[in-house]
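Structural overview for review
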Protein chains: 2
Amino acid sequence: MPGPESIGPQAANSVGIVTPETVQVPVPAGGLELEGGGRLPELTVAFERYGDLAPDKSNAVYICHALTGDAHVAGYHSPDDPKPGWWDQMVGPGKALDTNRYHVICANILGGCKGTTGPGSISPENGKPYGSRFPDITVGDIVRVQHDFLKHIGIDRLEAVIGGSLGGMQAIEWAIQFPDAVESCICIASAMSLSAQALAFDIVGRRAITGDPAWAGGDYYETDQVPAPGLSQARMIGHITYLSPEMMTRKFGRERRDDKRFQVESYLDYQGGKFVEHFDANSYLHITKAMDAYDVEEKYGSVEAALERVRSRCLVVALSSDWLFPPEQSLDLSIALLQAGKDVSYCELLAPHGHDAFLVDIEHLGELVSTFIANLTRAPSTTSAPPAAWVTEPWRREEDNLIKRSVKKGSRVLDLGCGNGQILELLARDHEVHGLGVDIELEHVIDVLGKGIDIFQADIDEGLAMIPDKAYDYAILSETLQVVRQPRTVLKEMLRVANEGIVSFPNFARWRYRAYLTLFGRMPKSRTLPFEWYDTPNIHLTTLKDFLRLCDQDGYRILDLTCVASGIFGKLLVRLGLKNLGANRVIVRLTRDGSD
Amino acid sequence: MPGPESIGPQAANSVGIVTPETVQVPVPAGGLELEGGGRLPELTVAFERYGDLAPDKSNAVYICHALTGDAHVAGYHSPDDPKPGWWDQMVGPGKALDTNRYHVICANILGGCKGTTGPGSISPENGKPYGSRFPDITVGDIVRVQHDFLKHIGIDRLEAVIGGSLGGMQAIEWAIQFPDAVESCICIASAMSLSAQALAFDIVGRRAITGDPAWAGGDYYETDQVPAPGLSQARMIGHITYLSPEMMTRKFGRERRDDKRFQVESYLDYQGGKFVEHFDANSYLHITKAMDAYDVEEKYGSVEAALERVRSRCLVVALSSDWLFPPEQSLDLSIALLQAGKDVSYCELLAPHGHDAFLVDIEHLGELVSTFIANLTRAPSTTSAPPAAWVTEPWRREEDNLIKRSVKKGSRVLDLGCGNGQILELLARDHEVHGLGVDIELEHVIDVLGKGIDIFQADIDEGLAMIPDKAYDYAILSETLQVVRQPRTVLKEMLRVANEGIVSFPNFARWRYRAYLTLFGRMPKSRTLPFEWYDTPNIHLTTLKDFLRLCDQDGYRILDLTCVASGIFGKLLVRLGLKNLGANRVIVRLTRDGSD
């Protein structure tokens, strides 16, 4: 049980009691012009900030909140405030967005109802709420207002901008609209535009509000009613989309309450009812419309033209069970960034909750974000001791040596199945290469991010379609060929995306395996092939001879070939030129015929 | 371009002009008592029927329609009727439900608004529409009314009952409530109960109707308005759930119309608007409530108790992109039927449209349904010629012989990776076994159904959790062990679900492979192993010796061992007892130690 110091404002990892602030941001004479053509005569921004701003102002992190969020990200508003800010798990001393290290800021968005100018604000023009006169806003406007506000309080550059859902759209827009103001961009459970299905849900939700007689065309502020039933209905629809079906089943199943109503009905009722108490229907309409209309492609002419502008290092995080902003949309964004030649890392987190998971499923998200943001630039290696792998697997020294003597300084290197990123780190240190890892394991994603290197979480067997032709000088496939399902395709893809490939694999024609099979009549095992036939990950074993034959057949030219033998006899065989008999590992550098 | 005869009522495969019928079904004095306790003073049923009823009345097929369907399944109501019935693609001469062969009937469901007694019908008690006085109905009531109606028109037994979505729930309920009246049950894109998410959508949809002031507590029939906005809103929500997200993107994407509205908005508007013209809000409320409340487990105490009653042969079809009735729910139903020892086949069709696909994606669904229904009882084999496989793959004769001499008459046999079902067909013919095939390929599912044998579409590598312990006397794993990802687990599972296993695999220790590897230094290839290392499906090769060692280790006892050799030398080696050196195939019968 957590002690009294571990929760609440007095907890060591809480930002404590926080004070909301409000600032009047100056607008040009004639008002702030919006992307849709409307104008706002004044701009008030409500915000919170935690952690000290460094003297050189280099440590500011801006959080973009989602549809119904607000500026109150962390901490408590009073000593007996029962609930902390909406992302308190992520923000505080020692947390992922460590307020001992970063100056964290969040402002309520334009069009909102939590202190920043929105449809419920009083218009200075007539002293009445804007209501139906509030102009259309866009995600571009929302971000532009954030930028102007930050400039006004003296912050010109952000170490990171981060957001989930609509907040992720703002983060993307920041990186596109203000490329020089954003060092890194973290985009969680988001997309470059909403899917048709997500649009449809928003449309039906808005219809519920505008169909509510109490909405009165948007001018209900001075009547004695609010469109609560309509807003509640919209919120109920929204809530269904925020949860994964699995989580709904787990939370409610088909359980009924005493009054025979399904639990899920009373949950939705509760959510709808609670929402109307603290959210404004017009804000809901304006913000969802801005979200629906946001479309990187449409706004900038093409995705390429938009992302071409980006100068931030990007981290894109998808949530596995999110069906409102499904992982494919995060993947699309990541691929587009990659294809635009930008520095991007991509990761899909296993998150059973659904879209809401970025608010609740904090474990790996925090680790991912904090590792990324703490290693934006690669720290110089503190050690030049030989990598541990050289000791446990001595042939790796040969592999590293071949790689090091092959790879030119400053080149671009792709490591397929990069593991903990050891090769890329070596190359980055000694050869100043620009590397990208590809690996399926989350653990490896975090390892590689921790080395300041980008990594794309992907299954090599699913193809490398995300990588453009010849995007890399070298691609490395270390001890991976024999575990993939389609080794021929992987080789082909490797030599499509890179000019040269460096491949290592165990050689099944090694004399010991031949002897083992021949003499014992059993599937060979060794230190190189330590698995039983029934649990081996090595599902496509090959021999040096077979490999060379495939290279010949598919038009690959061998540029360099190293055979590693173990034991005196194997080494002797290799020295005698009997490589296929002697080698237990083969390391090959190859290229497409006709390329150079 | 189709000629004029290929569409419309005059087309050769159309049932032509059809005439809706209405019948008054007698109810007991005091009215028809419903499961919820309400009573109906009268029962009118509107229906259509196509194709002749056989003199022995053995060919009746009943179609259960879904939420907003009706009795008009096929054909046209007039020569210039622009649109045929809702399942015209499935029903007609030569179609899947072939009206040259079957007498096909469908009636509008209880509570509907298309001619069968529903909330908009005139109550004989006061000559006014029931409205708010219409009693709660259940899926059980709906099916019971169908049963009474069919009895009334002289049909006591159905060759098949078939339905999709809510229609599938009715089909299940038929098989449980009237086990002796249903020879076969086909359940498409359905479930034993709705998921929490599907409940949630229905709840929000109903809320839109009951929140519409025009609904007037359900008594709007005699007012001058109908709750059209509410019903339209409910329909819009429903429509989103009927389409897969992929299909929504494909159909509408983010396209906008000239008036800047999204296409998807105008589509939803159109669907909502069209719906209110022909559907009644109270029917929508009553039927969705019946659907929400349906729960096989709750109704019958347990799923086991319910399915214990079933005597039909069942075909359960899931649609891959259906997220309203997701494939897992069809799988759950199939597994529960299998665990209750019932005859069930299961198949998941690749269907990009989503839940609606059972109405539109007809190709394989029709083939599946027609093959199943035409082969409910296994036709006696017309030939006793040796199977084709004995000629192309002579070792199969040995395998079949071992299987035939091992398998006792009338026993239960599971064939894992059953292919076209040839082994099960042989065993059914000569040994009267009760067989079940398991295979991943749709093509094989249809082959096996065509032999009158049940098949479960599944990936053996995903486990056999659907099959209870010791449910089978024998399990066959023919040439499949080496292609699975987890051979050890598959063996273990096989001997969990069956008392004995019969396994065949290629022997990698065969002298030719040893010689090939040793002399040529390349991965062996042969007629038995015809693939290149990079494209072989044989990802876990083993030897006789290795296999026997694993059996020993995992506690399996060998009951019978046949080694098949090809070539004089191989045969000689086997005869000399050098099996591991001589055999190119091994066929083993085995059991768990301690079992008999």
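Before going further, it helps to spend a moment on the overall build of chain A. Counting its regular elements, chain A contains 21 helices and 19 strands. Within the span of chain A, comprising 596 residues, buried residues form 60% of the whole. Once local pairs closer than 6 in sequence are excluded, the contacts in chain A between residues at least 24 apart make up 71%. Surface summary for chain A: the accessible area is close to 23,300 Å², and the carbon and sulfur share equals 51%. Within chain A, one finds 59 positive and 79 negative side-chain charges whose respective centroids are separated by 9 Å.

This brings us to the domain arrangement of chain A. Residue and element names in this part refer to chain A. What the domain assignment reports for chain A is domain 1 (1-49 + 65-137 + 144-155), domain 2 (157-191 + 299-376), domain 3 (194-293) and domain 4 (388-592). Between the C-alpha centres of domain 1 and domain 2 the distance comes to 21 Å. Between domain 1 and domain 2, the contact holds 18 residues from the first and 25 residues from the second. Both sides together, the interface formed by domain 1 and domain 2 hides about 1,800 Å², and carbon and sulfur atoms give 66% of it. Considering only the surface of domain 1 that becomes buried against domain 2, Trp87, Tyr102 and His147 emerge as the three largest contributors, covering 27% of it. The interface formed by domain 1 and domain 2 contains 1 salt bridge. For Lys299, the salt bridge is made with Glu35, and the minimal N-O distance between the two is 2.8 Å. Counting across the domain 1 and domain 2 interface gives 5 residue pairs in polar contact (both at pLDDT 80 or more).

Two copies of a chain can be linked by a rotation about an axis combined with a shift along that same axis. Rotating chain A by 180° and moving it 0.0 Å along the rotation axis overlays it on chain B with an RMSD of 0.1 Å. Put plainly, the chains are arranged around a two-fold axis. Of the C-alpha atoms belonging to chain A, the one lying closest to the rotation axis is found on A:Ile539, 2.3 Å away. Most of the interface of chain A is mirrored in chain B, where 100% of its interface residues are also at the interface.

Attention shifts here to the interface of chain A and chain B. Contact with chain A, which involves 62 residues of that partner, is made by 62 residues of chain B. Taken together, the two surfaces of chain A and chain B that pack against each other cover about 5,800 Å², and 60% of this comes from carbon and sulfur. It is A:Arg254, A:Trp533 and A:Tyr534 that lose the most area in chain A upon contact with chain B, and together they represent 15% of the buried surface on that side. Run the count over chain A and chain B and you get 10 salt bridges. Linking chain A to chain B there are 33 residue pairs in polar contact (both at pLDDT 80 or more). Elements that contribute at least two residues to the side of chain A that touches chain B include exactly α3 (196-210), α4 (228-242), α5 (245-251), α6 (263-278), α7 (281-293), α17 (487-497), α18 (511-520) and α19 (544-554) of chain A. Sorting elements by how many residues they give to the side of chain A that touches chain B places α3(A) first, with 9 residues. A breakdown of the residues in the side of chain A that touches chain B according to their chemical character gives 34 nonpolar, 13 polar and 15 charged.

Moving on, we come to the packing of aromatic side chains. This structure, assessed with the given rule, holds 39 aromatic pairs over all chains. Taking the centre distance of 5.7 Å and the plane angle of 15° together, the rings of A:Phe201 and B:Phe201 count as stacked. With A:Phe201 in helix α3 and B:Phe201 in helix α3 (residues 196-210), this residue pair bridges two chains. Per residue, the accessibility class of A:Phe201 equals that of B:Phe201, and both read buried. Consider the rings of B:Phe252 and B:Tyr267, whose centres lie 4.5 Å apart with planes at 40°: the pair is tilted. Placement of B:Phe252 in the loop between α5 (245-251) and α6 (263-278) and of B:Tyr267 in helix α6 is noted, with a sequence separation of 15 residues between them. This pair shows no difference in class: B:Phe252 is buried, exactly as B:Tyr267 is. The rings of A:Phe201, A:Trp323, B:Phe201 and B:Trp323 are connected pair by pair, giving a single aromatic cluster. When the ring centre of B:Phe262 is taken as reference, the NZ or CZ atom of B:Arg256 above it lies at 4.1 Å.

For the rest of this paragraph, the subject is the pattern of salt bridges. For the structure shown, the criterion picks out 63 salt bridges over all chains. Ionic pairing is found between A:Asp269 and A:Arg261, a salt bridge with its closest N-O pair at 2.6 Å. A:Asp269 gets classed as partly exposed once you look at its relative accessible area, which sits at 23%. We classify A:Arg261 as partly exposed; its relative accessible area is 25%. Put simply, B:Arg496 and B:Asp469 hold a salt bridge, and the shortest N to O gap is 2.7 Å. Taken together, the residues span a long stretch of sequence, with B:Arg496 in helix α17 (residues 487-497) and B:Asp469 in the loop between β15 (454-457) and β16 (472-478) at a distance of 27 residues. On the basis of relative accessible area, B:Arg496 is assigned to the partly exposed category, the value being 23%. Via salt bridges that share partners, A:Arg207, B:Arg257, B:Asp259, B:Arg261, B:Glu265 and B:Asp269 belong to a single interconnected network.

The biggest cluster of nonpolar side chains holds 274 residues, and the ones touching the most others in it are A:Trp174 and B:Trp174. If we ignore the near neighbours within four places in the chain, the residues touching A:Trp174 are A:Tyr62, A:Cys64, A:Val143, A:Gln146, A:His147, A:Leu150, A:Leu158, A:Val161, A:Pro179, A:Ala181 and A:Val182. Among the nonpolar cores identified, the runner-up in size contains 58 residues, and B:Ala160, B:Phe358, B:Ile362 and B:Leu368 belong to it.

Glancing now at the packing of α3(B) against helix α7 (residues 281-293) of chain B. Residues and elements named next belong to chain B. Running from N to C, α3 and α7 point in directions that differ by 155°, and their axes come no closer than 10 Å. Taken together, the axes of α3 and α7 lie roughly antiparallel to each other. Relative to α7, α3 is oriented so that their crossing is left-handed. Along the contact surface, α3 presents Leu199, Asp202, Arg206, Ile209 and Thr210, while α7 presents Ala281, Tyr284, Leu285, Thr288, Lys289, Met291 and Asp292. Grouping the amino acids of the contact of α3 with α7 by side-chain chemistry returns 6 nonpolar, 2 polar and 4 charged.

Our focus in this paragraph is the side chain of A:His72. Residue and element names in this part refer to chain A. Tracing the backbone shows His72 in the loop between β5 (60-64) and β6 (91-92). Of the residues examined, His72 reaches a relative accessible area of 11% and is grouped as buried. Among the polar contacts made by the side chain of His72, one reaches the side chain of Glu48 at a distance of 3.0 Å. With sequence-adjacent residues up to four places away left out, His72 is seen in contact with Val18, Glu48, Tyr50, His77, Asp81, Lys83, Pro84, Gly85 and Trp86.

Turning our attention to the pairing of strand β15 (residues 454-457) of chain A. All names here are of chain A. Taking every second residue as pointing to the same face, both faces of β15 are buried, with Asp454 and Phe456 on one and Ile455 and Gln457 on the other. By the bridge criterion, 4 bridges tie strand β14 (residues 434-439) to β15 in an arrangement that is parallel. Paired with Asp439 across the strands is Gln457, a residue of β15.

So, about helix α10 (residues 327-339) of chain A. Here α10(A) spans 18 Å end to end across 13 residues, near enough to the 18 Å set by a 1.5 Å rise per residue. Those residues of α10(A) not exposed but buried are A:Pro327, A:Gln329, A:Ser330, A:Leu333, A:Ser334, A:Ala336, A:Leu337 and A:Leu338.

Before going further, it helps to examine helix α18 (residues 511-520) of chain B. All names here are of chain B. Regarding α18, the residues found buried are Tyr513, Arg514 and Leu517. Burial along α18 is one-sided: seen end-on, the buried residues are contained in an arc of 105°. One or two steps after α18, the chain reaches Gly521, where phi turns positive at roughly 65°.

All right, on to the side chain of B:Arg585 then. All names here are of chain B. Mapped onto the secondary structure, Arg585 falls in strand β19 (residues 585-592). Relative accessible area serves as the criterion here: at 5%, Arg585 is assigned to the buried category. One polar contact links Arg585 to Glu479, side chain to side chain, over a distance of 2.3 Å.

Residue and element names in this part refer to chain A. You can see Ser283 is positioned in helix α7. For Ser283, a relative accessible area of 0% gives the class buried. Considered as a pair, Ser283 and Cys113 are 170 residues apart in the sequence and their alpha carbons are 6.2 Å apart. Setting aside residues no more than four positions away along its own chain, Ser283 makes contact with Gly111, Gly112, Cys113 and Pro119.

This part covers unusual backbone geometry. All names here are of chain A. Residues other than glycine seldom take positive phi values, yet Ser165 does so here, at roughly 60°. In this structure, Ser165 sits in the loop between β9 (160-164) and α2 (166-177). The buried category is assigned to Ser165, whose relative accessible area is 7%.

Glancing now at the pairing of strand β5 (residues 60-64) of chain B. All names here are of chain B. Most of β5 is tucked away, with 5 of its 5 residues classed as buried. With burial as the criterion, each face of β5 is covered, one bearing Ala60, Tyr62 and Cys64 and the other bearing Val61 and Ile63. The pairing of β5 with strand β8 (residues 103-107) spans 4 bridges and is parallel. Each residue of the ladder has a partner; that of Val61, found in β8, is Val104.

Definitions and cut-offs
- Residues numbered from 1 in each chain as written.
- Chains lettered and ligands numbered in written order.
- Predicted model: local features only at pLDDT ≥ 70, side-chain atom pairs only at ≥ 80, totals over all residues.
- Heavy atoms only, no water.
- Helix = DSSP H or I, 4+ residues; strand = E, 2+ residues; numbered from the N terminus.
- Buried < 20%, exposed > 50% of the residue type's maximum accessible area, 1.4 Å probe, protein only.
- Contact = heavy atoms within 4.5 Å.
- Areas by Shrake-Rupley, 256 points an atom, 1.4 Å probe, with all protein chains shown as cover.
- Lys, Arg positive; Asp, Glu negative; His and termini not counted.
- Charge placed at Lys NZ, Arg CZ, Asp CG, Glu CD.
- Domains from an automatic or database assignment.
- Buried area = accessible area lost by both parts, 1.4 Å probe.
- Salt bridge = Lys/Arg side-chain N within 4 Å of Asp/Glu carboxyl O.
- Polar contact = N/O pair within 3.5 Å; in protein donor to acceptor, adjacent residues only side chain to side chain.
- Least-squares fit on C-alpha atoms with pLDDT ≥ 70 in both.
- Nonpolar A, V, L, I, M, F, W, Y, C, P; charged D, E, K, R; others polar.
- Phe/Tyr/Trp six-rings, centres within 6.5 Å; stacked < 30°, edge-to-face > 60°.
- Lys NZ or Arg CZ within 6 Å of the ring centre and 35° of its normal.
- Core = buried A, V, L, I, M, F, W, Y, C linked by side-chain atoms within 4.5 Å.
- Axes fitted to C-alpha atoms, helices over the stretch in contact; angles between N-to-C directions.
- Parallel < 35°, antiparallel > 145°, perpendicular 65-115°, else oblique.
- Left-handed = near helix turned anticlockwise from the far one by under 90°.
- Pairing = 2+ DSSP bridges.
- Expected span 1.5 Å × (residues − 1).
- Arc of directions from axis to C-beta.

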